[in-house]
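Summary of structural features
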Amino acid sequence: MNTKFKIKKLENYPLKEHTTLKIGGNAFEVYVPNSLEEVYELKTMLSCEDLTIIGQGSNILVSSQGVEERIIFTHNLKNYEITDEVMVKAECGLKSSSLAKILLKKNLTGLEFLIGIPGSLGGAVTMNSSAHGQAIEDTIESVEVMDLCTNEIFTLHKSDLKLGYRESFVKKNRHLVLTATFKLQKEDYYKIAERMDFHVNYRKEKHPALSMYPNAGSTFRNPAPDVYVGKLIQDLGGNNWKEGGAEISALHCNFLINKGNATSLDVSRLMHRIYQGVKENYGYDLIAEIRYLGVPTQEEKEIWEQFTVH
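Residues numbered from 1 in each chain as written. Predicted model: local features only at pLDDT ≥ 70, side-chain atom pairs only at ≥ 80, totals over all residues. Heavy atoms only, no water.

Regarding the pattern of salt bridges
- This model, assessed by the stated rule, comprises 13 salt bridges.
- Among the salt bridges present, the one from Arg195 reaches Glu112, with a minimum N-O distance of 3.1 Å. Here Arg195, found in helix H7 (residues 189–206), pairs with Glu112, found in the loop between strand E8 (108–109) and helix H3 (121–126); they are 83 residues apart in sequence, far enough to count as distant.
- Salt-bridge contacts for Glu299 lead to Arg269; the nearest nitrogen and oxygen are separated by 2.8 Å. Placement of Glu299 in helix H10 (residues 298–306) and of Arg269 in helix H9 (residues 264–282) is noted, with a sequence separation of 30 residues between them.
- Taking the relative accessible area as the measure of exposure, Glu299 reaches 33% and is therefore partly exposed.
- One salt-bridge network, held together by shared partners, links Lys9, Glu11, Glu29, Asp50 and Arg70. (Salt bridge = Lys/Arg side-chain N within 4 Å of Asp/Glu carboxyl O. Helix = DSSP H or I, 4+ residues; strand = E, 2+ residues; numbered from the N terminus. Buried < 20%, exposed > 50% of the residue type's maximum accessible area, 1.4 Å probe, protein only.)

Okay, structure coming up:
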């Protein structure tokens, strides 16, 4: 591939090293752009039909059989700027937690919850991430996106984003978030820090630590307001369910952890058991919050057809 940039290319790359679940086979080709200009050039040479974008590697289950699509890692796209004291524009690859720390130093409130989100800003915007009364939709002003099929770059304003519970226009239409702009408010440093400490401590107490128990975050969306998947699974006695090297976390039953040798099939089978249990006992058709990437086995394909939105 000839470009005016020297874009880093990795071949036969083990994707499990770049996912928080630590599961996945190899990718045929991985590209690691260092700037948005490199993304623009790279994208003109790749077809959208065989392309996948990965940020920090959270909220995904990568097939143990590998990934045939070409991958673009965005984790080096992490520039940001603050204008007019309260307007913040950041690139998609910036870690959500890193942005929260930057905003704390600038006495800016509105995105404290990002300190507890393990993924990238692009993923947080795409999924309309939220926690404890704060959400992306509360402060976002606009997003610069690229249509992955036409390569067109344009700006979406808040109303265009159609943000909902773990949904957005971006997610439904194969667009890549390039940058996101937020309008925040000035507040006392210590009040912001106190709210951030709450988010950090809550995750320590209620969620399995990634350093000890690799996981992909919340596995399923909550099926209705004030109905929590973790509680439904716990009431089913699911806090001791296992499939191969995958098991349900005793701390939070909507988190599936890799005990060291789990495969994508192990996780898929455990998700299927949860889905069936909740449907049979409570009548809810659960929708996966994590997404599956790569070449599925026939069994995995049939399992994921149940709880994937098309």
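From this point, the discussion proceeds with the structure in view.
Re the sheet that holds strand E2 (residues 26–32)
- Spatial strand order, E1-E2-E5-E3: 4 strands in an open sheet with mixed pairing. One side of each edge strand has no neighbouring strand; the edge strands of this open sheet are strand E1 (8–14) and strand E3 (51–54). Ignoring strand direction, the axes of neighbouring strands in this sheet form an average angle of 30°.
- Strand direction decides the pairing type here: E3 and strand E5 (residues 67–73), joined by 4 bridges, are parallel. Bridge pairing links Thr52 to Ile71 in E5. (Pairing = 2+ DSSP bridges. Axes fitted to C-alpha atoms, helices over the stretch in contact; angles between N-to-C directions.)

Some words on the sheet that holds strand E16 (residues 242–243)
- Sheet architecture is open: 4 strands sit in the order E15-E18-E17-E16, paired in antiparallel fashion. Pairing within the sheet leaves two strands with one partner each, and these edge strands are strand E15 (215–218) and E16.
- The sheet contact formed by E15 and strand E18 (residues 255–258) spans 2 bridges and is antiparallel. Paired with Asn215 across the two strands is Ile257, which belongs to E18.

Such coordinate-based values are descriptive only and should not be taken to indicate function.
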